[in-house]
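Here's the letter readout for the chains.
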Amino acid sequence: APDVSLGAYRVFGCEGSTYADIMVAAMEMALADGMDILNMSIGSSFQWPQYPTAVAADNLVKKGMVVVASIGNSGANGLYSAGAPGVGEKVIGVASFDNTDMYVPYFEVNETPIGYITMSYSPEPPIAGTEEIVFIGQACDADLPLLADPAGKVAMAVRGGCSFAEKAENAIDSDATAVIIHNNAPGIVLGTLGEALPAPYDQTPVVGISQTDGLFIQAQEEPVYMTWTDQMVLAYNPTGGLISSFSSYGLAPDLSLKPDIGAPGGSIYSTYPLEGGGYAVMGGTSMASPHVAGAVALLLQANPRLKAEAVRGVLQNS
């Protein structure tokens, strides 16, 4: 939003979570600084509108600040998974919809670009070099031995049956130089290893690719070689425009209607800490909420007399 002034209020340390009193203190600082809009890409799932951060957020709206908050990433857990402060009565609680396309790095197989996303807690893959790639099956503990020997090669497994970390560790135990996991449903795997793997597993990159690309690689005549690149490609997202699978939904525990609105939050290419490369593809209602906060900034620039409590209705009905 042109000419906007940005304020940033840190509520986290380098690791872990935070507490409601720290959140409320930061919210009060934003009000004292005269901020017109507050985005909170944060939340506590399965909470009532009476939760402290939700009540504080409602009070901010009464004071004239528009409050936008992520509704949460617990959609897989079912009803009532919406989180505070997004469940606040006057808060704009934001759900996530998947992006139509994904800007991702790629490697090549037979001159065909294969877009991938590096899994959380994985080291970055190389940006050059050619290696043989072999399909090792599902690669869970229950599936051992592997379908092929990946020693000195890149191992490709199919998603399902166990965690990504378990697949990666089994491939690395067999001396794979990298691990690729292809999806068992449309779209590129956007996965996590759950935590940093112990040595020596922490030295081997693990990436996710789409089901289509995984089946393409399996269909090639052996031996199959792949070449890492430092380039990016725009990849089609088959779930684009649909609600993200992780997005929390209501009702809120008091049966109020939440979330209030949705925005792009699945497979978003955006800024990231410089230590992690500066840019990354990530998914979450944490990405959807800032889209709405930015839209609010544009709306208030066009209509600065619009009251904070009226903003949500304008967005919902336009």
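Structural data are supplied above this passage.
To keep things clear, this report deals only with the structure shown in the data block. Treat the numbers as computed from the prediction; the structure is a model and nothing was measured.

Let us now look at the packing of aromatic side chains. With the rule as written, the count across this model stands at five aromatic pairs. Seen from their ring centres, Phe-107 and Trp-228 are 5.5 Å apart, and the 65° between their planes marks the pair as edge-to-face. Separated by 121 residues along the polypeptide, Phe-107 in strand β6 (residues 101–109) and Trp-228 in strand β13 (residues 224–236) bring together distant segments of the chain. For the residue pair Phe-107 and Trp-228, the accessibility class agrees, reading buried in each case. Ring geometry for Tyr-269 against Tyr-279: centres 5.9 Å apart, planes inclined by 25°, an arrangement best described as stacked. Of this pair, Tyr-269 sits in strand β15 (residues 268–271) while Tyr-279 sits in strand β16 (residues 279–282), and the two are 10 residues apart along the sequence.

Glancing now at the sheet that holds β6. Reading across from one edge, β7-β6-β13-β9-β10-β11-β12-β8 is the order of the eight strands in this open sheet, with mixed pairing throughout. The strands lining the two open edges of the sheet, one partner per strand, are β7 (112–115) and β8 (117–118). Taken together, the two bridges between β8 and strand β12 (residues 206–209) define a ladder with antiparallel strand orientation. Bridge pairing in β12 places Ile-117 opposite Gly-208. Against the sheet, helix α3 (residues 164–173) contacts β9 (130–137), β10 (154–158), β11 (178–182) and β12, and its axis sits at roughly 140° relative to β11. Sheet strands in contact with helix α4 (residues 211–219) are β6, β7, β9, β10, β11, β12 and β13, and its direction is about 135° off that of β7.

Ordered in space as β1-β3-β5-β14, the four strands form an open sheet in which the pairing is parallel. Each edge of the open sheet carries a strand with a single partner, namely β1 (37–40) and β14 (261–266). Averaged over all neighbouring strand pairs, the angle between strand axes comes to 35°, with direction disregarded. In this structure, strand β5 (residues 92–98) lies alongside β14, joined through five bridges in parallel fashion. Within the sheet, the bridge partner assigned to Asp-98 lies in β14 and is Gly-266. Of the strands in this sheet, β1, β3 (66–70), β5 and β14 touch helix α5 (residues 285–302), which is tilted by about 160° from β3.

Where α5 contacts helix α6 (residues 308–316), the axes come no closer than 11 Å and their chain directions differ by 105°. Here α6 runs roughly perpendicular to α5, going by the angle between their axes. Residues Val-292, Val-296, Leu-299 and Leu-300 of α5 lie in contact with α6, whose contacting residues are Val-311, Val-314 and Leu-315. Among the residues making up the contact of α5 with α6, the classes are represented as seven nonpolar, no polar and no charged.

Turning next to the pattern of salt bridges. Summed over the entire model, instances satisfying the criterion amount to four salt bridges. Across the pair Glu-132 and Lys-153 runs a salt bridge whose closest N-O atoms are separated by 3.8 Å. With a gap of 21 residues between them, Glu-132 in strand β9 and Lys-153 in the loop between β9 and β10 connect regions that are remote in the sequence. Taking relative accessible area as the criterion, Lys-153 reaches 23% and is therefore assigned partly exposed.

Here helix α2 (residues 52–62) has its buried residues at Thr-53, Ala-54, Ala-56, Ala-57, Asp-58, Leu-60 and Val-61. Against the buried residues of α2 lie α1 (20–32), β1, β3, β4 (83–84) and α6. Where α2 terminates, the next one or two residues include Gly-64, which has phi positive at roughly 105°.

A separate point is the nonpolar core. The tendency in soluble globular proteins is for nonpolar side chains to be buried as a group. One finds Met-40, Val-66, Val-68, Ile-92, Val-292, Val-296 and Val-311 to be the most contacted residues of the largest nonpolar core, which totals 32 residues. Breaking this core down by element, the ones donating at least two residues are α1, β1, α2, β3, β5, α5 and α6. In terms of residues, this core owes the most to one element, α5, which gives six residues. When sequence neighbours within four positions are dropped, the list of residues in contact with Val-66 reads Asp-36, Ile-37, Leu-38, Ile-92, Val-296, Leu-300, Ala-308 and Val-311. Listed in part, the 20 residues of the second largest apolar core include Val-134, Phe-164, Ala-176 and Val-179.

Counting across every chain of the model gives one disulfide. Note that Cys-140 is cross-linked by a disulfide to Cys-162, the S-S spacing being 2.1 Å. Between Cys-140 and Cys-162 the sulfur-sulfur dihedral comes to about -90°; the bridge is accordingly left-handed. Highlighted residues: Cys-140 in the loop between β9 and β10 and Cys-162 in the loop between β10 and α3, separated in sequence by 22 residues.

Attention shifts here to the side chain of Ser-244. Inspection of the secondary structure puts Ser-244 in the loop between β13 and β14. On the basis of relative accessible area, Ser-244 is assigned to the buried category, the value being 2%. For Ser-244, the side chain forms a polar contact with the side chain of Ser-96, separated by 2.8 Å. Within polar-contact distance, the side chain of Ser-244 engages the side chain of Asp-98 at 2.6 Å. When near neighbours in sequence (up to four residues on either side) are disregarded, Ser-244 contacts Ser-96, Phe-97, Asp-98 and Gly-266.

Cut-offs applied
Residues numbered from 1 in each chain as written. Predicted model: local features only at pLDDT ≥ 70, side-chain atom pairs only at ≥ 80, totals over all residues. Heavy atoms only, no water. Phe/Tyr/Trp six-rings, centres within 6.5 Å; stacked < 30°, edge-to-face > 60°. Helix = DSSP H or I, 4+ residues; strand = E, 2+ residues; numbered from the N terminus. Buried < 20%, exposed > 50% of the residue type's maximum accessible area, 1.4 Å probe, protein only. Pairing = 2+ DSSP bridges. Contact = heavy atoms within 4.5 Å. Axes fitted to C-alpha atoms, helices over the stretch in contact; angles between N-to-C directions. Parallel < 35°, antiparallel > 145°, perpendicular 65-115°, else oblique. Nonpolar A, V, L, I, M, F, W, Y, C, P; charged D, E, K, R; others polar. Salt bridge = Lys/Arg side-chain N within 4 Å of Asp/Glu carboxyl O. Core = buried A, V, L, I, M, F, W, Y, C linked by side-chain atoms within 4.5 Å. Disulfide = S-S within 2.5 Å. Polar contact = N/O pair within 3.5 Å; in protein donor to acceptor, adjacent residues only side chain to side chain.

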